[in-house]
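If you want the building blocks of each chain, they are given just below.
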Amino acid sequence: MSGAARSLAFKQFQRALERWPKDPLRPECQLQDVLARRLEKGTLAPPSTASLSGAPKEEAELKQVNALYTLLEDRYKVKYRINGQLLEPRSNPSYYTDLVAELEEAPKRTWFGRMAKRLGGLIRFSPS
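Residues numbered from 1 in each chain as written. Predicted model: local features only at pLDDT ≥ 70, side-chain atom pairs only at ≥ 80, totals over all residues. Heavy atoms only, no water.

K.L.:
Sorry if this is basic, but what is going on with the confidence of the model for the chain here?
P.N.:
Interpreting fine coordinate detail is not advised for predicted regions of low pLDDT. For the chain, mean pLDDT is 82; residues scoring 70 or higher make up 83% of the total. Ranking the helices and strands of the chain by mean pLDDT puts helix H5 (residues 75–79) first, with 92, and helix H3 (residues 47–50) last, with 56. (pLDDT = per-residue confidence, 0-100. Helix = DSSP H or I, 4+ residues; strand = E, 2+ residues; numbered from the N terminus.)

This is the structure in structure tokens:
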């Protein structure tokens, strides 16, 4: 692969980062910001392959871009569908629906709401 393949990988990487959704739980630490800093340093491939030169490095960068797109397009979610039985464990059938509700509610909580939730988690009443 040549420099053209490398610039193609950079362009695809940038395009994927633009499409990546924002994380509402941690707005100060976004995956796309971390990956953009890595892109600014001039490397897409992980550090273990960064010492390689030539085609293996460019091939590793294209694999990184492909991996990013597989996550972005939810290919694994489509390929490995989860059925209802797995989403409703016998020990706690509403666990995953409660988890999703909690994750949607958490970014909208005020400071007081976060502290009340934390204290509520520390203090548990159990019937005797």
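Next comes the rest of the write-up.
K.L.:
Sorry if this is basic, but what is going on with the side chain of Gln 30 here?
P.N.:
Its location among the elements puts Gln 30 in the loop between helix H1 (3–19) and helix H2 (31–40). Note on Gln 30: relative accessible area 4%, which makes it buried. Of note is the side chain of Gln 30, whose polar atom sits 3.1 Å from the backbone oxygen of Arg 26. In contact with Gln 30, not counting residues within four places along its chain, are Pro 21, Lys 22 and Asp 23. (Buried < 20%, exposed > 50% of the residue type's maximum accessible area, 1.4 Å probe, protein only. Polar contact = N/O pair within 3.5 Å; in protein donor to acceptor, adjacent residues only side chain to side chain. Contact = heavy atoms within 4.5 Å.)

K.L.:
Help me understand the packing of aromatic side chains in this model?
P.N.:
Any pair of aromatic rings gets described here by the distance separating the centres and the angle formed by the planes. Enumeration over the complete set of coordinates arrives at one aromatic pair. With a centroid separation of 5.0 Å and an interplanar angle of 85 degrees, the aromatic rings of Tyr 95 and Tyr 96 are classed as edge-to-face. Exposure remark for Tyr 96: the relative accessible area of 37% places this residue in the partly exposed category. (Phe/Tyr/Trp six-rings, centres within 6.5 Å; stacked < 30°, edge-to-face > 60°.)

K.L.:
Please explain the pattern of salt bridges as it appears in this structure.
P.N.:
Oppositely charged side chains can form a pair if their charged atoms are brought close together. Per the counting criterion, the structure on display carries five salt bridges. Glu 59 is the partner of Lys 63 in a salt bridge, and the nearest nitrogen-oxygen pair spans 3.8 Å. On the criterion of helical spacing, the pair formed by Lys 63 and Glu 59 is a turn pair, its members being four residues apart in helix H4 (residues 55–72). Among the ionic pairs, Glu 105 bridges to Arg 109, the shortest N-O distance being 3.0 Å. Since its relative accessible area comes to 41%, Glu 105 is described here as partly exposed. Members of the salt-bridge network, linked through shared partners, are Glu 102, Glu 105, Arg 109 and Lys 117. (Salt bridge = Lys/Arg side-chain N within 4 Å of Asp/Glu carboxyl O.)

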